[in-house]
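For reference, the chains in residue letters:
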There are 6 protein chains.
Amino acid sequence: MPYVNIKITREGVTTDQKAELISGATDLLVRVLNKNPATTFVTIDEVELEDWGVGGLPVEQYRRKAAS
Amino acid sequence: MPYVNIKITREGVTTDQKAELISGATDLLVRVLNKNPATTFVTIDEVELEDWGVGGLPVEQYRRKAAS
Amino acid sequence: MPYVNIKITREGVTTDQKAELISGATDLLVRVLNKNPATTFVTIDEVELEDWGVGGLPVEQYRRKAAS
Amino acid sequence: MPYVNIKITREGVTTDQKAELISGATDLLVRVLNKNPATTFVTIDEVELEDWGVGGLPVEQYRRKAAS
Amino acid sequence: MPYVNIKITREGVTTDQKAELISGATDLLVRVLNKNPATTFVTIDEVELEDWGVGGLPVEQYRRKAAS
Amino acid sequence: MPYVNIKITREGVTTDQKAELISGATDLLVRVLNKNPATTFVTIDEVELEDWGVGGLPVEQYRRKAAS
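All of these numbers come straight from a predicted model, not from anything done at the bench.

Scoring rules and cut-offs
Residues numbered from 1 in each chain as written. Chains lettered and ligands numbered in written order. Predicted model: local features only at pLDDT ≥ 70, side-chain atom pairs only at ≥ 80, totals over all residues. Heavy atoms only, no water. Least-squares fit on C-alpha atoms with pLDDT ≥ 70 in both. Contact = heavy atoms within 4.5 Å. Helix = DSSP H or I, 4+ residues; strand = E, 2+ residues; numbered from the N terminus. UniProt positions renumbered as here; feature names shortened; annotations may be inferred.

S.K.: Can you explain the relation of the copies chain E and chain A? Please cite residues and give values.
M.R.: Mapping chain E onto chain A calls for a screw motion: a turn of 180° about the axis and a shift of 0.0 Å along it, with 0.0 Å RMSD after fitting. A rotation of that kind, with that shift, is consistent with a two-fold axis. For chain E, the minimum C-alpha distance to the rotation axis belongs to Asn 5 of chain E and amounts to 2.6 Å. Mapped onto chain A, 100% of the interface residues of chain E are again interface residues, and the two copies thus contact each other with one and the same surface.

S.K.: Before we move on, can you summarise unusual backbone geometry with the specific residues and values?
M.R.: Backbone geometry places Asn 34 of chain A, a non-glycine residue, at a positive phi of 60°. Checked against the element boundaries, Asn 34 of chain A lands in the loop between helix 1 (15-33) and strand 2 (41-47).

S.K.: For the UniProt feature "active site" (unreviewed entry) in chain A, give the residues involved together with the corresponding values.
M.R.: When the UniProt feature table is mapped onto this chain numbering, "active site" (unreviewed entry) sits at Pro 2 of chain A. Along the chain, Pro 2 of chain A falls in the segment before strand 1 (3-9). Residues in contact with Pro 2 of chain A, not counting those within four places in the same chain, are Leu 29, Lys 35, Thr 39, Thr 40 and Phe 41 of chain A, Phe 41 of chain C together with Lys 7, Ile 8 and Trp 52 of chain E.

S.K.: How would you explain the arrangement of the chains if you had to name every residue and give the values?
M.R.: Separating chain C from chain D is a minimum C-alpha gap of 14 Å, and the two share no contact. Across the gap from chain B to chain E, with no contact made, the nearest C-alpha atoms are 14 Å apart.

Set out below in C-alpha cells:
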C-alpha cells in the first residue's frame, strides 16, 4: 500500500499530464515491488513559483540568473 | 508535541467538519498518548480530485470504473 | 480516500497504542466525513527527541527549561 | 541536497518575505552543514486558517480563546 | 525541479529496487513534464508495518483479516 | 504557528548541528514573520543515502558520476 507524493511547480500542467503521472507512478510501484494498484495512492501538489526556492532564490529568479 | 496532517479530497468539506477533524485528532492524541493539546498541531490539506490517484487513475475515473 | 500522517516523539509508544491511533484516526474520518475505511491510510512517524524542536530548542532542552 | 518545507498560516505573507524565508533556510543549511545551495530546495505551504488547528481548535478560535 | 516522496512498508526492499524506484520516478517526470533530472529529487520512506494502517488496522492485521 | 521540516541525508550530523538547525529555523520565522517561537515546531528527517535520489540515481552514485 504505497503512498506517492509528487510536488511540482504550478506551470500549466494539464489534467491529462496529471493522469499520466498518476498511472506512471502506480505502474512503477507495481513493476518494481509488485504492489497492488488498488491500494496505491498518488497525490500531486502544485507549488506556486514564489513558494519554491532553489539556490537560495525563488525559482523564477534562479532561472533568470542561471540563464544570464 | 504531535503533528497530525490529514489529506482529503476537496469535495465540499465544511468549516464545521474541519473543526471536528481538528478536535477529534487532538482528542485522540490526548486520550491514547496523554499529549498536551496546546502543543498538538493539526493541518488539513484538501486535494483536488484530479490531483489524487488510486488504482492508477484519478479519483473520479476510479470511482466511475468501480461503480460500473 | 484520506491519508493521515501522525508525527510523535519516539518515547516508548507501544504497538497497542499505535493500533489505537490507527483505529481512532480512521474512525474520525468515517464519522465526520463518511469516508470508507478500506481506502483510509494512516502512517505514524516516530521522531527522535533530538530531531524535534520547539521554542528554538530540541524537545528535551525545551522541557527542562519549561520545568525550571 | 537538503529539502526544507515551511508550513505557515495564510495571512498576507508577501513575496519578499517568502524570498527571505527561502534565502534564510538555504543559508542555514550552508552554514551549519556546508550544503550546496544549488541542490537545496525550499518549499512554502500557506495553510488556510480553518485548516490549521492547535489546542483542539481552529487557529482563529484558539487565538480568541487565548486572548480572552 | 520536482520532488517525489515514495512511502512503502519496510519489507525487505533491496538497494537495487530502491535505485529502480529512483530512476523510474525521475524518468516519469522527464517524460511527462520534460523536467530536468539534475533538479529532480526522489526520497523513499520505509515505514514499519506497525506504523501503517489501512481499514482501521495495522497492515499485518488488515492482511490477515482480508485473507481469512 | 509554523511547522518546518528539514530533510537531509544521514551522514554524521551531530546533535549540536541539529540544535543549530532547530534554533536557526525558528529564528528565521521569528525574524521574517514575527512568529512566536513557543508555537514553532521544527522536525529533522535524516534520510539514508540509498533512499535519496537526484539525477535519476541514488546520491552516492550521483556524486561519483559528478566527480568523475
